[in-house]
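Architecture at a glance
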Amino acid sequence: MSPETNPPPVTVIEVENLVTHYGDREILKGVTLDVREGEIMVIMGGSGSGKSTLLRHLMALETKTSGTMRILGQDIDTLDQRQFFDLRKKMGVAFQGGALFSSMTIGENVMLPLYEHTDLDPMTMDIMTRMKLEVVELGGFEDLMPSELSGGMIKRAAFARAIVMDPKILFCDEPSAGLDPVVASALDDLILLLRDAMQMSIVVVTHELESAFKIADRITILDRGHILMVGTVDEVRNSSNERVYNLLNRVPEDDSMDMDEYLHRLTGVEVNKDAAL
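All of the points below concern the structure found in this document. (Residues numbered from 1 in each chain as written. Predicted model: local features only at pLDDT ≥ 70, side-chain atom pairs only at ≥ 80, totals over all residues. Heavy atoms only, no water.)

1. Examining the pairing of strand 9 (residues 218-223)
Most of strand 9 is tucked away, with six of its six residues classed as buried. Here strand 9 shows two buried faces, one formed by Arg218, Thr220 and Leu222 and the other by Ile219, Ile221 and Asp223. With five bridges joining them, strand 3 (residues 40-45) and strand 9 adopt parallel strand pairing. Paired with Val42 across the strands is Ile219, a residue of strand 9. Here strand 9 pairs with strand 10 (residues 226-231) via five bridges, running antiparallel. (Buried < 20%, exposed > 50% of the residue type's maximum accessible area, 1.4 Å probe, protein only. Helix = DSSP H or I, 4+ residues; strand = E, 2+ residues; numbered from the N terminus. Pairing = 2+ DSSP bridges.)

Written out as structure tokens, the structure is:
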């Protein structure tokens, strides 16, 4: 009798050889990765590494130059407008600054996706809104305005809005940015709770090492548009890659520039090195 083998993990996002440009500048240079069902994938990298651009691609908000991407089993290049719209309703986004509407109450902000994308009756929408506010520990705050909340509470309200339609995938952009360590740790606990309670896949972009090591099932490290590595927390911590080590230990890179390249960037004129000889 052959030994039992575990089935391969189900993937909810598959990216293969993704290339994207802003004008003539290549931002992502052949990125390949996958996000698995029920996991928390953390994306890290230095400034300018391409992590925010990659996040927008994963949310199907960016136009790629080449490569393929499948979300929840669907090739996004083959979807018509209606199919694309339906796919996006299965994804939730918690924006870095919360992105709450200042003229609406917290309850109205959280209810907005239900109002815009469902035909539910007002009482059902109200109940669902209150339930999601309870999940993020904001029960009873639905009538307050965003200006009456602390930074951590605004982040939690943003999470409530992002999950109000029970998405399959949740995207979080720098969830701990601007928060003190205690509030940031509580937000990490909330992300873990959402993954476990709602069985959703979560993609988090962050530069906070402590947060990444606490919540991640796997970590993707980007560097100058390339993927340095994808691995578990232990694999990342024990990596022998010098650039990974520098990122984790905040060691500045030696980015000394060739003088001819510097002149070319200033003047736009290609320097002919042979002519100078």
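So that's the structure; there's more coming.
2. A look at the nonpolar core
One finds Ile40, Val42, Phe159, Leu170, Ile202 and Ile219 to be the most contacted residues of the largest nonpolar core, which totals 44 residues. Considering every element that reaches this core, the biggest residue donor is helix 6 (residues 181-198), with six residues. Excluding residues that lie within four positions of it along the chain, Ile202 makes contacts with Glu39, Ile40, Met41, Leu170, Cys172, Ile191, Leu194 and Arg195. In terms of nonpolar packing, the next biggest core, distinct from the first, is built from 27 residues, Val12, Val35, Ile76 and Ile169 among them. (Core = buried A, V, L, I, M, F, W, Y, C linked by side-chain atoms within 4.5 Å. Contact = heavy atoms within 4.5 Å.)

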